[in-house]
Amino acid sequence: MDKSEFPSHPLTGADKKPVSFKLEVWGNKKEPYDSEKPHRHDYHEVMFFIDGKGTHDIDFRSHETQGGTVHFVHSNNVHMLIREPVSNGISLMFTPDLTDQSLISQLPFAKEEPILAPGKEKFGELLKLVKMIVDESNSAHDGMNSVIQSYFNALLWNCVRICRSAGEKNGTDLKLIHVAVGDHQQACKGMGCSSVSPD
């Protein structure tokens, strides 16, 4: 099926002007478009499901939603979300140019399994960072955007760490190891030292 057949929504602020980052705390609140119909974005979205259940279709594959999970929606994914009215969560939306693409490539965006279930303790750690972003976005001061971006990058790196840990436990995450070795090789080239090839 051709993804271009589905409506694509831009990332805009309350004034309808383009923004590079936005967050939404959801519960009974409805999105400005119908999330229960298949659609696309021109931005990435990381969804933190705090509680409640539902179904999240990402690129024509259904995933059950439950509290304590993180869903990664790539800017080129077609998705739709049907959640219980009593469910709660937080969406962090950002344009692809906001953060380093090598960081994005280490997360389960546009992957076969775009859901992270880190367990109660690690989800709680992630949620603390998310709440720091929410609190910071509710304040207005010089440097607010820089602080938010720092918290956001820390949050994404924590997600990478959890993904790597899960990959090591499952023995299936060779791509992340390949990326890490490749990064090391690039760093060594820049410093003039020898390195092992990731291939």
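Small disclaimer: the values here were computed from a predicted structure and weren't measured. (Residues numbered from 1 in each chain as written. Predicted model: local features only at pLDDT ≥ 70, side-chain atom pairs only at ≥ 80, totals over all residues. Heavy atoms only, no water.)

Glancing now at the pattern of salt bridges. On inspection of all chains with the given rule, the structure shows 2 salt bridges. Between Lys3 and Asp59 there is a salt bridge whose closest N-O contact spans 3.0 Å. Of this pair, Lys3 sits in the segment before strand S1 (8-9) while Asp59 sits in the loop between strand S5 (54-58) and strand S6 (61-65); the two residues are 56 residues apart in sequence, bridging distant segments of the chain. Assessed through its relative accessible area of 25%, Asp59 is described here as partly exposed. Of the charged contacts, one joins Glu125 and Arg161 as a salt bridge, the two residues approaching to 3.9 Å between their closest N and O atoms. Taken together, the positions of Glu125 in helix H2 (residues 120-137) and Arg161 in helix H3 (residues 144-170) put the pair 36 residues apart, joining distant regions of the chain. (Salt bridge = Lys/Arg side-chain N within 4 Å of Asp/Glu carboxyl O. Helix = DSSP H or I, 4+ residues; strand = E, 2+ residues; numbered from the N terminus. Buried < 20%, exposed > 50% of the residue type's maximum accessible area, 1.4 Å probe, protein only.)

What follows concerns the packing of aromatic side chains. The relative placement of two aromatic rings is captured by the distance of their centres and the angle of their planes. Within this structure, the stated rule accounts for 7 aromatic pairs. Ring geometry for Phe21 and Phe152: centres 5.2 Å apart, planes at 65°, overall edge-to-face. With Phe21 in strand S2 (residues 21-26) and Phe152 in helix H3, this pair connects stretches of sequence that are 131 residues apart. In this structure, Phe21 and Phe152 share a single accessibility class: buried. (Phe/Tyr/Trp six-rings, centres within 6.5 Å; stacked < 30°, edge-to-face > 60°.)

The pairing of S5 with S6 spans 5 bridges and is antiparallel. Along S6, the bridge assignment pairs Ile58 with Arg61. A loop of 2 residues connects S5 with S6, the two strands running antiparallel in sequence, and Asp59 in this loop sits at a positive phi of about 50°. (Pairing = 2+ DSSP bridges.)

Let us look at the pairing of strand S4 (residues 44-51). Working note: regular strand, side chains alternate between the two faces of the sheet. When you tally the buried positions in S4, you get 6 out of 8 residues, the bulk of the element. Pairing of S4 with strand S9 (residues 88-94), which is carried by 7 bridges, proceeds in the antiparallel orientation. If you follow Met47 over to S9, its bridge partner there is Ser91. Bridging between S4 and strand S7 (residues 69-73) involves 5 bridges; their strand directions are antiparallel. Of the residues in S7, the one forming a bridge with Glu45 is Val73.

The next point concerns the sheet that holds S7. Spatially, 5 strands are ordered S2-S9-S4-S7-S10 in an open sheet, and the strand pairing comes out antiparallel. Of all the strands in the sheet, just S2 and strand S10 (115-116) have a single pairing partner and so form its edges. Where H2 meets the sheet, it contacts S2, S4, S7 and S9, and its direction lies at approximately 115° from that of S4. (Contact = heavy atoms within 4.5 Å. Axes fitted to C-alpha atoms, helices over the stretch in contact; angles between N-to-C directions.)

Residues other than glycine seldom take positive phi values, yet Lys16 does so here, at roughly 70°. Note on placement: Lys16 falls in the loop between S1 and S2. In this structure Lys16 comes out as exposed when scored by relative accessible area, which is 61%. For Asp59, which is not a glycine, the phi torsion comes out positive at approximately 50°.

For the rest of this paragraph, the subject is the sheet that holds strand S8 (residues 79-83). The strand order across the open sheet built from 3 strands is S6-S5-S8, with neighbouring strands paired in antiparallel fashion. Of all strands in the sheet, those with a lone pairing partner are S6 and S8, marking the two edges. Between one strand axis and the next, the sheet turns through 15° on average, direction left out of account. Summarising the sheet, S5 and S8 pair through 5 bridges and their orientation is antiparallel. Within S8, the position partnered with His56 by the bridge is Leu81.

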